[in-house]
Structures are given as C-alpha cells and as structure tokens.
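Architecture and fold: a report
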Amino acid sequence: MKWWQKTVVYELYPKSFQDTTGSGTGDIKGMIKRLGYLKSLGVGAIWLTPVCKSPMVDNGYDIEDYCAIDPSYGTMEDMDLLFAEAKKRNIRIVIDLVFNHTSDQNPWFLESKQSKDNPKADWYIWRDAKEDGSEPTNWRGIFGGSAWTWCEERQQYYLHTFAYQQPDLNWANPDVRKALYDAANFWVNKGAGGFRVDAIPYIKKPEVLKDGEPDGKDGMVSVHDMTVNTKGILDYLHEFKENVTEGHDIFTVGEANGVKASELHEWVGENGVFDMIFEFSHVNLEFKGIETWCKPDPWTIQDLKKALRNSQEATRDNGWYPVFFENHDKPRCTDHYFPEDADKGQCAKLMGTLLYTLRGTPFLYQGQELGYRNVKYDSIQKYNDISSYGQYDLALSEGLSEEEALKAVHRFSRDSARTPMQWNDQENAGFSTGIPWLPVHDDYKTMNVEAEEKDPSSVLVYYQQLAKLRADYAPFTKGDFEEILEEDENIFAYRRNTKDQSIFVLLNFSGKEVSYDCSLTENMQYIFGNDQPKTGVLKPYQACIYVKN
Ligand code: NOJ
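All residue numbers here refer to positions counted from 1 along the written sequence of the relevant chain. Per-residue local features are limited, in this predicted model, to residues with pLDDT of at least 70; the limit for side-chain atom pairs, both in listing and counting, is 80 or more; totals at the level of whole chains, interfaces and linings are taken over all residues. The side-chain figures draw on all heavy atoms in the structure; neither hydrogens nor water molecules are used.

**Topic: the pairing of strand β1 (residues 8-12)**
The element β1 is largely enclosed, with a buried count of five among its five residues. With burial as the criterion, each face of β1 is covered, one bearing Val8, Tyr10 and Leu12 and the other bearing Val9 and Glu11. Pairs of strands are assigned from DSSP output, requiring at least two bridges between the strands. Working definition: helices are DSSP H or I runs of at least four residues, strands are E runs of at least two. Numbering for both runs from the N terminus. Bridge analysis of β1 against strand β2 (residues 43-48) gives five bridges, and the strand direction is parallel. In the sheet register, leucine 12 faces β2, and the bridge partner there is leucine 48. As defined by bridge partners, β1 adjoins strand β15 (residues 361-365) across three bridges and the pair is classed as parallel. Looking at β15, one finds that glutamate 11 is bridged to tyrosine 365. Only protein chains enter the calculation, and the probe is 1.4 Å; a residue is then buried if its accessible area is under 20% of its type maximum, exposed if over 50%, and partly exposed in between.

**Focus on the sheet that holds strand β10 (residues 194-197)**
Within the open sheet, the eight strands sit side by side as β13-β12-β10-β5-β2-β1-β15-β14. Their pairing is parallel. Edge strands, defined here as strands with exactly one partner in the open sheet, are β13 (276-278) and β14 (322-323). Summarising the sheet, β14 and β15 pair through two bridges and their orientation is parallel. Bridging across to β15, proline 322 finds its partner in threonine 361.

**A short note on the packing of aromatic side chains**
Under the pairing criterion, centres of Phe, Tyr and Trp rings, with the six-membered ring standing for Trp, must be within 6.5 Å; the plane angle then separates stacked pairs below 30 degrees from edge-to-face pairs above 60, leaving the rest tilted. This structure, assessed with the given rule, holds 44 aromatic pairs. Taken together, a centroid distance of 5.0 Å and an interplanar angle of 80° make the contact between phenylalanine 278 and phenylalanine 363 edge-to-face. Residue phenylalanine 278 is located in strand β13, and its partner phenylalanine 363 is located in strand β15; the two are separated by 85 residues in the primary sequence. For phenylalanine 278, a relative accessible area of 4% gives the class buried. Considering the side-chain rings of phenylalanine 280 and phenylalanine 324, the 5.5 Å spacing of their centres and the 70° angle between planes classify their relative orientation as edge-to-face. Here phenylalanine 324 lies in the loop between β14 and α11 (333-336) and phenylalanine 280 lies in the loop between β13 and α10 (301-314), a separation of 44 residues in the sequence. Among the aromatic residues, those joined into a cluster by ring pairs are Trp3, Trp4, Trp47, Phe251, Phe278, Phe280, Phe324 and Phe363.

**Quick notes on the domain arrangement of the protein**
Frequently, the measure chosen for interface size is the accessible area that the parts lose on association. Domain delimitation follows an automatic or database domain assignment. When its domains are assigned, the protein resolves into domain 1 (1-89 + 367-375 + 413-472) and domain 2 (476-548). Relative placement of domain 1 and domain 2: their C-alpha centres are 32 Å apart. Taken together, the eight residues of domain 1 in the interface contact nine residues of domain 2. When two parts are put together, the accessible area they lose, computed with a 1.4 Å probe and summed over both, is reported as buried area. Summed over both partners, the interface of domain 1 with domain 2 buries about 730 Å², with 79% contributed by carbon and sulfur atoms. Counting the surface domain 1 buries against domain 2, the share from its top three residues, Tyr462, Leu469 and Arg470, is 65%. Within this document, salt bridges are pairs made up of a side-chain nitrogen of Lys or Arg and a carboxyl oxygen of Asp or Glu, the two lying within 4 Å of each other. Where domain 1 meets domain 2, there are zero salt bridges. A contact between two residues is defined here by any heavy atoms of the two lying within 4.5 Å.

**Side note on the site of the ligand**
The local shell around the ligand consists of Asp58, Tyr61, His101, Phe143, Phe162, Arg196, Asp198, Glu255, His328, Asp329, Arg414 and Arg418. We call two N or O atoms a polar contact when they sit within 3.5 Å, provided that within protein one can donate a hydrogen and the other can accept it, with sequence-adjacent residues counted only if both atoms are side-chain atoms. One nitrogen or oxygen atom from the side chain of histidine 101 is found 3.0 Å from an oxygen atom belonging to the ligand. Aspartate 329 is positioned with one of its side-chain polar atoms (N or O) 2.5 Å from an oxygen atom of the ligand. Nearness is defined per residue: one heavy atom within 4 Å of the molecule or strand is enough.

**Some points on the layout of surface pockets**
A cavity here means a set of points on a 1 Å grid, drawn over the protein atoms and nothing else, where a 1.4 Å probe fits but cannot get out; a pocket is an open set with protein on both sides within 12 Å along at least five of seven lines, and a residue lines either one if it has an atom within 4 Å of a point. Grid points are joined across faces, edges and corners, and a volume is the space filled by probe spheres set on the points. Reported here for the largest pocket is a volume of approximately 1200 Å³. If you list the elements that add at least two residues to the lining of the largest pocket, you get α7 (223-227), α10 and α13 (386-397). Residue type decides the class: Asp, Glu, Lys and Arg count as charged, Ala, Val, Leu, Ile, Met, Phe, Trp, Tyr, Cys and Pro as nonpolar, and the leftover types, Gly among them, as polar. Here the lining of the largest pocket is built from residues that sort into 15 nonpolar, 16 polar and 15 charged. Lining the second largest pocket we find 19 residues, and of these Lys2, Trp4, Gly269, Glu270 and Asp275 sit closest to its centre. Elements with a contribution of two residues or more to the lining of the second largest pocket: α1 (3-6) and α8 (233-245).

**As for α13**
The end-to-end C-alpha separation of α13 is 17 Å, in line with the 16 Å expected for 12 residues at 1.5 Å each. The secondary structure elements touched by the buried residues of α13 are β7 (139-140) and α14 (402-412). N-cap assignment for α13: the residue whose side-chain oxygen lies 2.9 Å from the backbone N of serine 387 is aspartate 385. Phi turns positive, to about 95°, at glycine 399, one or two residues after α13. Here the expected length of a helix is defined as 1.5 Å per residue gap, with one fewer gap than residues.

**With respect to unusual backbone geometry**
Even without a glycine there, the phi angle at asparagine 90 is positive, about 60°. The topology assignment puts asparagine 90 in the loop between α4 (76-88) and β5 (92-97).

**Overview of the nonpolar core**
Note on terminology: a nonpolar core comprises buried Ala, Val, Leu, Ile, Met, Phe, Trp, Tyr and Cys residues joined through side-chain atoms within 4.5 Å. Among the nonpolar cores identified, the biggest contains 134 residues, and Met79 and Phe195 are the most heavily contacted of them. Ranked by residue count, the leading element in this core is helix α6 (residues 174-190), at eight residues. When residues of this core are assigned to domains, at least three fall in each of domain 1 (1-89 + 367-375 + 413-472) and domain 2 (476-548). Ignoring any residue separated from it by four or fewer positions in sequence, one finds phenylalanine 195 in contact with Val94, Ile95, Leu97, Ala184, Trp187, Val188, Val244, Thr245, Ile250, Phe251, Thr252 and Val253. Membership of the second largest hydrophobic core comes to 16 residues, among which are Tyr13, Tyr377, Ala405 and Leu406.

**Digging into the sheet that holds strand β17 (residues 491-497)**
With antiparallel pairing, five strands are arranged side by side in an open sheet as β16-β17-β18-β22-β20. Bordering the open sheet on either side are β16 (480-484) and β20 (525-529), each of which pairs with just one other strand. Each strand axis lies, on average, 25° off the axis of its neighbour in the sheet, ignoring direction. Note: strand β18 (residues 502-508) against strand β22 (residues 543-548), six bridges, orientation antiparallel. Across the sheet, isoleucine 503 pairs through a bridge with valine 547, a residue of β22. Inter-axis angles, ranging from 0 to 180 degrees, are taken between N-to-C directions of lines fitted to C-alpha atoms, where helices are fitted over the stretch in contact. Contacts from helix α12 (residues 344-357) reach β17, β18 and β22, with the element oriented near 150° to β18. Each of β20 and β22 touches helix α16 (residues 459-472); the most contacted strand, β20, lies at about 135° to it.

**Points about the pattern of salt bridges**
Taken as a whole and assessed by the stated rule, the structure comprises 34 salt bridges. Among the salt bridges present, the one from aspartate 78 reaches lysine 29, with a minimum N-O distance of 3.6 Å. In this pair, aspartate 78 sits in helix α4 while lysine 29 sits in helix α2 (residues 28-33), placing the two residues 49 residues apart along the sequence. In this structure, the salt-bridge partner of aspartate 329 is arginine 418, at a minimum N-O distance of 3.1 Å. One end of the pair, aspartate 329, is in the loop between β14 and α11; the other, arginine 418, is in the loop between α14 and α15 (449-454), with 89 residues separating them in the sequence. Assigned by exposure class, aspartate 329 and arginine 418 land together as buried. Connected via shared salt-bridge partners are Asp58, Asp329, Asp385, Arg414 and Arg418.

Here it is as structure tokens:
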C-alpha cells in the first residue's frame, strides 16, 4: 500500500487556522506552531487550501502568482520552513492547484486582455458579443449572475465559471498547459506530498459555445451543465500526469463535482489520471440537479447509504477513495446530516466513525475533529463568502422573501466551515490577538481544543482514538468493503474484511432506538464506539465497532 492510503489527510484552511501576527488572518508560522496538534490526530498529510499570492476575492482560489506566497500568510522562507518542520514529523504538505482559472490580476490575464493579438491573447476564453451586444451565451456562473464579463480594452467578453475576478484559462492552448505544468513542478521540487486539483471537470470547453435551455427564472442555464466533463478532458489530464506527477511518490486528488461514481474508473487507478477523486453525491444529497441553495430536495438515510455504496463499489477493484464529509465549501456535518434537536456530540462521533472506517483515505476538515457547528449570522451583509451573496440574490429572484433567502444561506453558506479555529476559551478563542477576518463562532467557550483535550468524552479525544484504532487494525486500511443490512432504513452497517480479521461497523443514523439481528455480532468483540454497546439494539446516533479474528 502507498503511504497516503494508510494515513489521515487534514484539510487546513489557512485564513482561519492560527494567526501569529495579530493581523486577524491565519498564517504559515501559525501552522508550524500547531504541527504537534496535527500529529496528535494521526495526520500524515496536510492539504492547504491555496496559499499563493491572491487578491483573495475567493479566499485564494483566485491566484495572481502560482509560485509566490500571499503576503498575508508570510513568505516563501516561511513556507520552506513549514515543509522542513512537517517533514521532521513525517507529515507531507499537499498543495491546491487552481488550474481552471486565475485571478483577473494575474499578469497572464492583464496581458491577454490588452488586445486580440498579443502573445497571450488566446490564454483565456474570449468571445464577441451577440449581435445585440449581449453575452455570447446565456450561461450562469456558479456563484450567480452571467458567466461572461465585458472587457472594454478588447471589446469582447471573457468566460468565468466562478466570479468575474476568476477568468477561465484556455486549456486548448498548449502554452497555457505548459505554464501550468511548470507551476505544478515548482511545488514538486519544493517537496510537495501531493496535489488537490481544483474544479477540474470544467477545464475543457465544448468546441462551440451555445445557449442552453434555461433552468431558472433568470433565463439562464448553469455553466456547470454546459461545460462539465467535456469529451476529451482526460487527454489533457493524462498529459498533466505525464508532465508532473508520474514517477514521484506523491498523490493527486481531483475535485470533480459532476463526475459520477460510474465514471470514476476512467479517472482513478492505474490507467486513470488521478489517485483519487472527490465525488460529491453524498454531500449533495439535497441537490438532485444543480446546487441551488433555495431549492433543496428532500433526502433519506437510504439515499446517503446508496451514495456511499456507489462510491465504495466504484473504487473496489480500481483506484482509491478519498472519504470526506466536510470541506471548506460545505456545511458542518453535524448540521448537514442531522436535525436541529439531535445530540450533536453523538452525531459528530458517528460521522467520525464513518469517516475512519470506510475503505479509502479519510480527509478530515479543520474543526470537524472538534464537532463544529454552522454559523447563522443575522444579516447577509455579515457573510464573507462570495457564493453566499450569489445564492442569496438567486433566491430573491426565485421569489423567496429575504428571511427565507437568509435561511438558505444559514443552511448552506461556506462561511460555516470557515470560522476561525477555537484553540482555547480566551479572547478570539486563541486564534488571533487582532480582529478575526470572520467572527469566531459563539460556542468557543466550551468547544475548543484546550477544553476538549482535557475531556476524555470529547469529540476531539474520540478522533484521536479513532486514528490510533485505524493504525492498529489492518482491516481499516486493507480490508474490503462488504455492506450488511442494505435494506435497513436507519442503520448503515458494513464489514471490512482481510484474510485474518474482520471489522464490523454499525451506525444508527436515526434519532430513534433501533434493533438489529443480534446474531450479526455473535462471536465478535466490541472495540469502540460512542456509547455503551447493547447486543441487538442501537441508541439514537450510536456507532459501534466490533472485531472478529
Ligand atoms: C472549488 C473550491 O473548493 C472553492 O472554494 C472555489 O470557490 C472554487 N473551486 C473556485 O476555485
């Protein structure tokens, strides 16, 4: 097995992790300070969301210079020190490659927009206006509004899948691809342990860009539906693999919202392009189509089980699965999957059990190990997340009241995952001595690292124990996945079998006590869980792990 299949990856959101200067923004020195904490969680790799130079319109996903560190985070010397200090603790650093687009302040774009015939004229997706002067197509960007913005200098529109400050690169141009591979190799040479590759299904655009059938009252269609996973995209990615990652002991994980479990075999595994793919069906249960926050669909525990089953099966014989339930774009799992009145501590532990026992590499997101909850600011102006604004406006244009639109934001805003780390119960939770860029969650007095480290029944201690368990029992990493009780409406249950040992996991996702056939745990030894085990019965949100030798 490869090192990254056996470890836990921690997704670290730099802006919110640890500030050492009083600027209100986390920094690289803060990461170095907290490496011991991450080690105590059994972490072997840290995925940093982008730390490159950026105007921060989308918190770093708008890159101005791929080979420079944003001054708010520190310097390249700090970054080199982070690599070195992490290495001492056997932790690898994973870099986020944002290659679908750059910032509109990137020198490549500044040159491209000058004229139709400069050397970089063809580095982005430029199109003439329609005859009436309007946008070339009726595509809506993922953050809302048109996906096209007019450029005075060039007298043309440019395409942006996300915000207008994030123009899409033209991957059809070989010079663009070469420049991107060079940027990635810069980080390979620094000693990166892997890459998370952002928004990858959008890099290839169709030959002809045309209007689509409107999907909303604004007369637009989501750009996602018009460009996702365009035929031929894998050719580019094979080229990326040959030019960047092949031959290095590093892993790649692609963010591929829109690549279905049934398509995974082309993307991962020996003949695929990445080692792993973040597939989103289990975190987008309420969006059967595009992600419109004000139009969530109802879902059931059976739907969640089905999504997890599909991705486990899709990577059974080929490839490897990155298990995740939270990231910097998603609500906190304690609120996402469970009703308001649920015991959230138990829910956090239930999700932790699932995260560490499915087949694949667990990706733990900053704060998840403490059982964090969503934030609910009382006005849209208090939000920072650019997509919250777009979704709020979309909700209003769909006829929702301001109150209803804000409720949708409370439920899905990306800011819930971005509030500062809570290290202790002191000022600003020990995150910063200045004014935090985003307010600290008001539950920090009780929910913080210092308090949870001391409490043997805390979510944090539970996560530390899970990491140890995962390292101690081979089936957690090497075992196959065999689902049991497939038809059960409340319990998700599975075995992880190796030749010599089997682990049995029972998870009650419902808020009621449920029973199961007690012969299932016969001759098995209970090893871990979030409550006292009772044969044949699971309490609300109870998680149990058994072993059989
Ligand atoms: C996906 C990233 O995870 C998200 O935070 C970002 O806004 C978009 N890609 C655009 O880069």
